Amino acid sequence: MSIPDLIRTKRDGGVLSDEDIRTFIRAVTSGSVQDCQTGAMLMAIWQQGMNEAETETLTRAMMSSGEVLSWPTEWAGLVVDKHSTGGVGDKISLVLAPALAACGCKVPMISGRGLGHTGGTLDKLESIPGFNVYQSAVQIMDLLTSVGCCIVGQTETLVPADRVLYAMRDATSTVDSLPLITASIISKKGAESLSALVLDVKVGRAALFEDLDAARALACSLVNVGNRLGMRTGAVLSNMDAVIGRCAGNSLEVMEALETLKGNGPDDLMELVTTLGGVLLLMNGLVYDLSEGRKQISDAVIGGTALSKFQAMMESQGVAKEVTRALCSAHTDYYSILGKSKYQMELATPTDGVVLDVNGLALAEVLRKLGAGRSKVGEPVNHCVGAELLVSLGQRVQRGASWMRLHYGDQAPTPDQINRLKNALVLGSDGDTQRTHTLVKELLLPPQEHTG
Ligand code: IUR
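Summarised in this report is the structure supplied together with it. (Residues numbered from 1 in each chain as written. Predicted model: local features only at pLDDT ≥ 70, side-chain atom pairs only at ≥ 80, totals over all residues. Heavy atoms only, no water.)

### Focus on the overall build of the chain
Here comes step 1: The helix and strand inventory of the chain stands at 18 helices and 13 strands.
Here comes step 2: Taken over the C-alpha trace, the chain has a radius of gyration of 22 Å; the compact-globule value for 452 residues is 22 Å, and the two agree within 12%.
Here comes step 3: The C-alpha extent of the chain, read off along each of the three principal axes, is 70 × 50 × 40 Å.
Here comes step 4: Relative to its full complement of 452 residues, the chain shows a buried share of 55%.
Here comes step 5: Long-range contacts, defined here as pairs at least 24 residues apart, represent 79% of the contacts in the chain between residues at least 6 apart.
Here comes step 6: Working note: accessible area of the chain is about 18,000 Å², and carbon and sulfur atoms make up 50% of it.
Here comes step 7: The averaged location of the 50 negative side-chain charges in the chain is 3 Å from the averaged location of its 40 positive side-chain charges. (Helix = DSSP H or I, 4+ residues; strand = E, 2+ residues; numbered from the N terminus. Rg over C-alpha atoms; globule rule 2.2 N^0.38 Å. Buried < 20%, exposed > 50% of the residue type's maximum accessible area, 1.4 Å probe, protein only. Contact = heavy atoms within 4.5 Å. Areas by Shrake-Rupley, 256 points an atom, 1.4 Å probe, with all protein chains shown as cover. Lys, Arg positive; Asp, Glu negative; His and termini not counted. Charge placed at Lys NZ, Arg CZ, Asp CG, Glu CD.)

Right, dumping it as structure tokens:
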């Protein structure tokens, strides 16, 4: 069939055959399809959806549009990764990758950059002087052999079809389509040839989906297609209303991740790290139940073996030894290494009360405008812009006490932005309903896994 025939079939609610889908993806990859045709097909898929078989074929075709990584046979059952649908203050990868490596896994973590209000792991790591996120397939193999984990950017050769489709989805308002999101995420993870994959599907006001049912539907689709591709795939539905941990902003999040790797992590961050890591160890058969998996990850973090892996990873990815040693020592002067924003400002609580909630979306949107994030692909970020929460949920506070420290540069917050930040704090009285501290809402595991 010609490309216009394929578009018509989908537009009219028909089902595309495997060959139809492969033809379309081949044309996208080679550049022989016109942009208007790609846009029309994306809109047809957005409107009509795809059944499970079509989504699986689309995912496989995208995965095969470029290089597929391969690993030594003795790594079978050990190669794992995590993908998050994006949040505020989400520094989980920085702790989880080295913790998994410390538990004997191989972790080729291919991460992204921040866009809109969500942060990106690559931007966070680039606040460490010398850290090089650009590594070839051969270098990734060397990193996994010598350290056990790496955190790198997408290589040019991996899933080229996604690069074209993702940009075009953005331009045609077709990002929020279940089959398109599923194929985009799972094709990239499939190209990493993983034994197991865990998805952190966020739900809440600062997530891709605010509604639990919509987030669950995405999680089911991702888990289903991931397993069909032969990766043990599970998902954790987790709350994304406030901020994960206490810090948002690139270098502040690196500091918090390092403190967590030194055993001083906040409870909500540790809960997510241990759950996501525990699920991976369980799915790979490295532990018998989830509680044992969580314990192994927690021991690696608290006991310092994950910190040693992080130090080795930084060194192998270009950071000078004196810098890694200073960052990983017991009493680090983080600002002298990572830099400090030109200005800081503390916000005071307006009344006595109990902290019921912090609006993570409002906070992230202001931080993005102050330079912590980007509105368009390719824009630079100011690594030192961010916010530290000085209170936690449920804490009783007194009028006038500081609840947030804002770090900013030459671009000062406007009065309207300061108001948005002030309004992000929700205070109440003891008996009021408060947002829960527990981030994990639901687990979706492939059949046969035991929780515990
Ligand atoms: N991240 C991806 O890799 N792909 C997507 O479609 C979305 C997030 I939305």
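Moving on from the model shown.
### With respect to the nonpolar core
Here comes step 1: The biggest cluster of nonpolar side chains holds 91 residues, and the ones touching the most others in it are Leu100, Ile128, Phe310, Leu327, Trp403 and Met404.
Here comes step 2: Among the elements that line this core, the one with the most residues is helix H12 (residues 267-283), at 10 residues.
Here comes step 3: Among residues more than four places away in sequence, those in contact with Leu100 are Val80, Cys105, Val107, Gly277, Leu280, Leu281 and Ile297.
Here comes step 4: Leu58, Leu165, Ala183 and Met231 belong to the second-largest nonpolar core, a separate cluster that totals 56 residues. (Core = buried A, V, L, I, M, F, W, Y, C linked by side-chain atoms within 4.5 Å.)

### What to know about the site of the ligand
Here comes step 1: The environment of the ligand is made up of Tyr166, Arg169, Val175, Ile181, Ser184, Ile185 and Lys188.
Here comes step 2: A distance of 2.8 Å separates an oxygen atom of the ligand from a polar side-chain atom of Arg169.
Here comes step 3: The separation between a nitrogen atom of the ligand and a polar side-chain atom of Ser184 is 2.7 Å.
Here comes step 4: Calculation on the ligand without its partners gives an accessible area of 280 Å², and the protein chains cover 87% of this total.
Here comes step 5: The set of elements that each furnish at least two residues to the shell around the ligand consists of helix H8 (160-171) and helix H9 (178-190). (Near = heavy atom within 4 Å. Polar contact = N/O pair within 3.5 Å; in protein donor to acceptor, adjacent residues only side chain to side chain.)

### Details of the packing of aromatic side chains
Here comes step 1: Summed over all chains, the structure comprises two aromatic pairs.
Here comes step 2: The residue whose ring lies beneath Lys188 is Tyr166, and the NZ or CZ to ring-centre distance is 5.5 Å.
Here comes step 3: Above the plane of the ring of Tyr335 lies Lys340, whose end atom (NZ or CZ) is 4.4 Å from the centre. (Phe/Tyr/Trp six-rings, centres within 6.5 Å; stacked < 30°, edge-to-face > 60°. Lys NZ or Arg CZ within 6 Å of the ring centre and 35° of its normal.)

### Thoughts on the pattern of salt bridges
Here comes step 1: Scanning the model with the defined rule gives 30 salt bridges in all.
Here comes step 2: Salt bridges sharing common partners tie together Asp18, Glu19, Arg22 and Arg26. (Salt bridge = Lys/Arg side-chain N within 4 Å of Asp/Glu carboxyl O.)

### Quick look at the environment of Leu347
Here comes step 1: If you trace the backbone, Leu347 turns up in strand S7 (residues 343-348).
Here comes step 2: By relative accessible area, Leu347 is classed as buried at 6%.
Here comes step 3: Once the C-alpha coordinates of Leu347 and Tyr408 are considered, the two residues, 61 residues apart in sequence, prove to be 13 Å apart.

### Details of H8
Here comes step 1: Counted at 1.5 Å a residue, the expected span for H8 with its 12 residues is 16 Å, and the 18 Å between its end C-alpha atoms agrees.
Here comes step 2: When H8 is considered as a whole, its buried residues turn out to be Ala161, Asp162, Leu165, Met168 and Arg169. An end-on view of H8 places all buried positions within 140° of arc, on one side of the element. Turned more than 90 degrees off the buried face of H8, the exposed positions are Ala167, Asp170 and Ala171.
Here comes step 3: Contacts made by the buried residues of H8 are with helix H2 (18-30), helix H3 (35-48), helix H4 (52-63) and H9.
Here comes step 4: Where H8 ends, the next residue or the one after it, Ser173, has phi of about 55°, a positive value. (Expected span 1.5 Å × (residues − 1). Arc of directions from axis to C-beta.)

### Points about the side chain of Gln135
Here comes step 1: Positionally, Gln135 belongs in the loop between helix H6 (121-125) and helix H7 (137-146).
Here comes step 2: Within the local environment of Gln135, its side chain forms a polar contact with the backbone oxygen of Asn132, the two atoms lying 2.9 Å apart.
Here comes step 3: In this view, Gln135 contacts Ile140, Leu143, Val152, Thr155 and Gln317; residues no more than four positions away in its chain are not counted.

### Quick look at the side chain of His407
Here comes step 1: Structurally, His407 can be placed in strand S11 (residues 402-408).
Here comes step 2: The exposure class assigned to His407 is buried, which follows from its relative accessible area of 1%.
Here comes step 3: Here the side chain of His407 touches Glu388 through a polar contact of 2.6 Å, side chain to side chain.
Here comes step 4: Contacts of His407, omitting those with residues within four sequence positions, involve Leu252, Tyr335, Ser341, Tyr343, Gln344, Cys384, Val385, Gly386 and Glu388.

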